[in-house]
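Working through the structure, step by step
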Amino acid sequence: MAEKTRQLIVDTALRLFKERGFEATTMRAIAAEAGISVGNAYYYFASKEQLVQAYYDRAQAEHEAACCEVLAAERSFAGRLGGVLREWVRISEPYHEFAVKFFKHAAEPTNPLSPFSPESAPARESAIGIYRQVVDGSENRIDSALREELPELLWLLSMGIVLFWVHDTSPECERTYRLIDRTVSLVDRLVALSYLPGIRGVTRDFIDVVRELRA
């Protein structure tokens, strides 16, 4: 019963955020639409921001489940990466209109709803975990130092795909799927080159830059 109530509140909040906008939607309005008391709504979620974090967690769980088949079937790096990115777009389609209206909040660097915020760390780490599976299960040869950093770099790549998807008005987001296909092909070639002796030094320099920026 508690889980059903929790999901009802999240579903209602997402619908109202889409219809009215994040700022205009109050916890009182969410409770009224869900048919529960305001106190009961606050019992499950202390704020609207927590409701969005619950959406992040739900979307991440759905993405993980959707990726199981492609990760079990594909062994090539490109096939695994492309499959994971495509599954994200597919399972996110019902939330596209919400994402368009909500993006400005997630894009603010200091906003707790930013995917880079401490509050978003659980969903972010789970997402990076999927890309770690992409790398670890790949049959392709990958430079050892790059392999260590690649999951987080692929997650950052996915954030760029998300940004493009938010603004994509093409039918069934076909432009986003095309971007994925072209980007995956490029990344696949770059990763393959990273293993070559003549390129390995450049790869290590790039990784040093990444680590310095993270420090």
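In this report, the structure presented in the accompanying data block is examined. (Residues numbered from 1 in each chain as written. Predicted model: local features only at pLDDT ≥ 70, side-chain atom pairs only at ≥ 80, totals over all residues. Heavy atoms only, no water.)

1. Description of the overall build of the chain
As a reminder, the rule being used: Here a helix means four or more residues in a row that DSSP labels H or I, a strand means two or more in a row labelled E, and each is numbered from the N terminus. Buried, partly exposed and exposed residues are distinguished by accessible area as a fraction of the type maximum, computed with a 1.4 Å probe on protein chains only: under 20%, between the cut-offs, and over 50%, respectively.
From N to C terminus, the chain includes ten helices and zero strands. Secondary structure elements in the chain, listed N-terminal to C-terminal, are α-α-α-α-α-α-α-α-α-α. Referenced to the eigenvectors of the C-alpha coordinate spread, the extents of the chain come out at roughly 65 × 40 × 30 Å. Considering the chain as a whole, with its 215 residues, one finds that 46% of them fall into the buried category.

2. Examining the packing of helix α1 (residues 2–20) against helix α4 (residues 48–73)
Convention followed: The axes used here are C-alpha line fits, helices contributing only the stretch in contact, and every angle between their N-to-C directions lies in the interval 0 to 180 degrees. Reported orientations rely on four angle classes, namely roughly parallel under 35 degrees, roughly antiparallel over 145, roughly perpendicular from 65 to 115, and oblique for the rest. Between two residues, a contact is recorded if the distance between any of their heavy atoms is within 4.5 Å. Side-chain classes follow a simple rule in which Ala, Val, Leu, Ile, Met, Phe, Trp, Tyr, Cys and Pro form the nonpolar group, Asp, Glu, Lys and Arg form the charged group, and the remainder, Gly included, forms the polar group.
At a closest axis distance of 10 Å, the pairing of α1 and α4 adopts a crossing angle of 105 degrees. Judged by the inter-axis angle, α1 sits roughly perpendicular to α4. Judged by residue contacts, Arg 6, Gln 7, Ile 9, Val 10, Asp 11, Ala 13, Leu 14 and Phe 17 of α1 engage Lys 48, Leu 51, Val 52, Ala 54, Tyr 55 and Arg 58 from α4. Here the residues of the contact of α1 with α4 sort into nine nonpolar, one polar and four charged.

3. Description of the side chain of Thr 176
Note on placement: Thr 176 falls in helix α9 (residues 174–193). Those residues in contact with Thr 176 that sit more than four places away from it in its chain are Val 89, Ile 161, Phe 164, Trp 165 and Asp 168.

4. What to know about α1
For clarity, the cut-off: Expected span, for any helix, means 1.5 Å times one less than how many residues it has.
Taking 1.5 Å per residue as the helical rise, α1 with its 19 residues ought to reach 27 Å, and the 27 Å between its terminal C-alpha atoms agrees with that figure. Those residues of α1 that fall on the buried side of the exposure criterion are Thr 5, Ile 9, Val 10, Thr 12, Ala 13, Leu 14, Leu 16 and Phe 17. Backbone geometry just after α1 places Gly 21 at a positive phi near 95 degrees.

5. Looking at the environment of Ala 61
One can find Ala 61 in helix α4. Ala 61 sits 62 residues away from Ala 123 along the chain, and the two C-alpha atoms are 8.8 Å apart.

6. Notes on unusual backbone geometry
The backbone of Glu 172 sits at a positive phi, close to 55 degrees, despite the residue not being glycine. Looking at where Glu 172 falls in the secondary structure, it is placed in the loop between α8 (144–166) and α9. In the Ramachandran plot, Cys 173 falls in the positive-phi region, its phi being about 55 degrees despite a non-glycine side chain. Mapped onto the secondary structure, Cys 173 falls in the loop between α8 and α9.

7. Looking at the nonpolar core
The criterion, for reference: Nonpolar cores were defined as sets of buried Ala, Val, Leu, Ile, Met, Phe, Trp, Tyr and Cys residues, with membership established by side-chain atoms within 4.5 Å.
If you look at the biggest cluster of nonpolar residues, it comprises 35 residues, and the most contacted ones within it are Phe 77, Leu 81, Tyr 131, Val 134, Leu 150 and Leu 154. Among the elements of the structure, α4, α5 (77–92), α7 (121–136), α8, α9 and α10 (197–214) are those that each provide at least two residues to this core. Among the elements that make up this core, the one with the highest residue count is α8 (ten residues). Once residues within four sequence positions are removed from consideration, Leu 81 is found in contact with Tyr 131, Val 134, Leu 154, Leu 157, Val 184 and Val 187. The next biggest cluster of nonpolar side chains, apart from the first, holds 28 residues, and it includes Phe 17, Phe 22, Phe 45 and Tyr 56.

8. What to know about the packing of α4 against α5
What counts here: Here a crossing is taken to be left-handed if its near helix is turned anticlockwise relative to the far helix by less than a right angle, and right-handed if that turn runs clockwise.
Packing of α4 against α5 leaves a shortest axis separation of 9 Å and a crossing angle of 140 degrees. Relative to α5, the element α4 lies oblique. Considering how the two elements wind past one another, α4 and α5 form a crossing that is right-handed. For the pair α4 and α5, the contacting residues are Ala 59, Glu 62, His 63, Ala 66, Cys 67, Val 70 and Leu 71 in the first and Gly 79, Arg 80, Gly 83, Val 84, Glu 87, Trp 88, Arg 90 and Ile 91 in the second. Class assignment for the residues of the contact of α4 with α5 results in eight nonpolar, three polar and four charged.

9. Details of the pattern of salt bridges
Operational definition: Any carboxyl oxygen of Asp or Glu within 4 Å of a side-chain nitrogen of Lys or Arg constitutes a salt bridge here.
In the structure shown here, the tally under the stated rule is nine salt bridges. Beyond isolated ion pairs, a larger network of salt bridges with shared partners links Arg 15, Glu 19, Arg 20 and Glu 33.

In short, the description is geometric, and any link to function would need to be established separately.
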